[in-house]
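So the chains spell out like this:
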Amino acid sequence: MAKELKKTKPSIANAPAAAAGKVPKKGDAMVAQESGSRNAPIINIGIDRQDRAAIAEGLSRVLADTYTLYLTTHNFHWNVTGPHFNSLHAMFMTQYTELWTATDVLAERIRALGHYAPGSYAEFSKISTVPDVPQTPPKAMEMVRILVKGHETVSRIAREFIPVAEEAGDDPTADMLTARCTVHDQTAWMLRSLLED
Ligand SMILES: [Fe+2]
């Protein structure tokens, strides 16, 4: 994993609230609340406290977006209609299963960095960039279009935080986010191909 910073930020220096020594926030939402107890030893994995907070914030946002995209995909698995029902119903199942599995990996990395993982609809709605599931099920190809945008959004959010992890020497997180970008880019391509003539 290359250590050199890419052109685009955020870096640790300008990661939201990290420079101020606070647990990062987005709006009123508390993101990546720090965990711990007097009985447990202080985390000493070679990544300092502020860096772990900035990385946990990025992972929390990716987790929230991944979960929202998971729920959207599962909803579409249930509610898709039309002549492409069979193929889309099966494809959406493959995709929501992958997304659900990814949420566990992301959440447990946040815990390994000493922060609580967000895991409620209230928290996810505050920090998610991917919009909530449509109230009324869209037509099949509109579902595909919504999922393309969702996967592209999660890819952008994950990619944004790779330099933050790299700069802190957190290769496991950088690798994890890189792997998520690979999956989201590939899934977006497959879905987008359904919309092309
Ligand atoms: Fe099912």
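Relevant structure appears above.
Residues numbered from 1 in each chain as written. Predicted model: local features only at pLDDT ≥ 70, side-chain atom pairs only at ≥ 80, totals over all residues. Heavy atoms only, no water.

Colleague: So what exactly am I meant to see when it comes to the packing of aromatic side chains here?
Modeller: Think of a pair of aromatic rings as described by two things: how far the centres are apart, and how the planes are tilted against each other in angle. The tally for this structure, following the rule as stated, stands at five aromatic pairs. Taken together, a centroid distance of 6.5 Å and an interplanar angle of 70 degrees make the contact between Tyr67 and Tyr121 edge-to-face. Note that Tyr67 is positioned in helix α1 (residues 49-79) and Tyr121 in helix α3 (residues 121-127), a separation of 54 residues in sequence. Among the residues examined, Tyr121 registers a relative accessible area of 59% and is labelled exposed. Connected via pairs of aromatic rings, a cluster forms that spans Tyr67, Tyr70, Tyr96, Tyr121 and Phe124. (Phe/Tyr/Trp six-rings, centres within 6.5 Å; stacked < 30°, edge-to-face > 60°. Helix = DSSP H or I, 4+ residues; strand = E, 2+ residues; numbered from the N terminus. Buried < 20%, exposed > 50% of the residue type's maximum accessible area, 1.4 Å probe, protein only.)

Colleague: What exactly am I supposed to notice about the pattern of salt bridges here?
Modeller: Between side chains of opposite charge, a pair can form as their charged atoms come close. With the rule as written, the count across this model stands at six salt bridges. Ionic pairing is found between Arg145 and Glu142, a salt bridge with its closest N-O pair at 3.5 Å. Pair noted here: Arg145 and Glu142 are both in helix α4 (residues 140-167), with a separation of three residues, about one helical turn. Given the relative accessible area of 41%, Arg145 is considered partly exposed. (Salt bridge = Lys/Arg side-chain N within 4 Å of Asp/Glu carboxyl O.)

Colleague: Is there a simple way to think about the nonpolar core in this case?
Modeller: Nonpolar side chains tend toward joint burial in soluble globular proteins. Grouped together as the largest cluster of nonpolar side chains are 42 residues, with contacts concentrated most on Ile55, Leu59, Val62, Phe92 and Leu177. Mapped by element, the contributors of at least two residues to this core are α1, α2 (85-112), α3, α4 and α5 (171-195). It is α4 that provides the largest number of residues to this core, a total of 12 residues. Ignoring sequence-local partners within four residues, the contact set of Leu59 consists of Leu106, Arg109, Ile110, Leu113, Thr173, Met176 and Leu177. (Core = buried A, V, L, I, M, F, W, Y, C linked by side-chain atoms within 4.5 Å. Contact = heavy atoms within 4.5 Å.)

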